[in-house]
Amino acid sequence: TIQAYFRGYQDFFSFVEMVLSANQIQSCIRRYLAKSLQKRIQQGERMILQNTASITIQSCFRGYQEFVRFVMRLFSVVQIQAVVRGYQARCFLQRPAHVE
């Protein structure tokens with residue numbers, strides 16, 4: 001009787017200790033999972049920022065390249081126009097004057 005109560009008392013505290021240990025283990029695992037999720041989210045945000053930055057840099061550089069190509073083409077067009085206008089002016093000056 002006293003021995004049965006004592007063993008029940010011991011079993012109860014053993015059960016309580018086991019439940020507390022299980023709760024602590026679950027708490028540690030949940031903390032680990034939360035930290036790993038937070039780390040993945042931060043890495044994802046960092047990757048998004050890096051991707052956005054690289055896209056911005058690439059678009060600026062490509063825009064600059066297109067601007068340089070445009071300026072080169074414009075310079076070429078101006079040169080061609082100057083050559084053609086010079087040719088036309090020389091042809092106009094070489095024509096005989098109309099006699100009235």
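Before any of the text, the structure's been laid out above.
Notes on the structure follow. Source: prediction; values computed, not measured.

1. Things to note about the overall build of the chain
Link 1 in the chain: From N to C terminus, the chain includes one helix and zero strands.
Link 2 in the chain: Relative to a compact globule of 100 residues, whose C-alpha radius of gyration would be 13 Å, the chain shows 43 Å and is clearly more extended.
Link 3 in the chain: Expressed along its principal axes, the backbone C-alpha trace of the chain runs to roughly 150 × 15 × 5 Å.
Link 4 in the chain: For the chain, the proportion of its 100 residues judged to be buried stands at 0%.

2. A closer look at the packing of aromatic side chains
Link 1 in the chain: With the rule as written, the count across this model stands at two aromatic pairs.
Link 2 in the chain: With centroids separated by 4.5 Å and ring planes inclined at 75°, the aromatic side chains of Y9 and F13 adopt a geometry described as edge-to-face. Highlighted residues: Y9 and F13, both in helix α1 (residues 2–94), separated by four residues, approximately one helical turn.
Link 3 in the chain: For F13, a relative accessible area of 41% corresponds to the partly exposed category.
Link 4 in the chain: Summarising the aromatic geometry, the rings of F12 and F13 are spaced 5.6 Å apart at their centres and angled 70° between planes, so their arrangement reads as edge-to-face.
Link 5 in the chain: Classification of F12 as partly exposed rests on a relative accessible area of 48%.
Link 6 in the chain: Cluster of aromatic residues (ring-pair linked, three or more members): Y9, F12 and F13.

About the cut-offs
- Residues numbered from 1 in each chain as written.
- Predicted model: local features only at pLDDT ≥ 70, side-chain atom pairs only at ≥ 80, totals over all residues.
- Heavy atoms only, no water.
- Helix = DSSP H or I, 4+ residues; strand = E, 2+ residues; numbered from the N terminus.
- Rg over C-alpha atoms; globule rule 2.2 N^0.38 Å.
- Buried < 20%, exposed > 50% of the residue type's maximum accessible area, 1.4 Å probe, protein only.
- Phe/Tyr/Trp six-rings, centres within 6.5 Å; stacked < 30°, edge-to-face > 60°.

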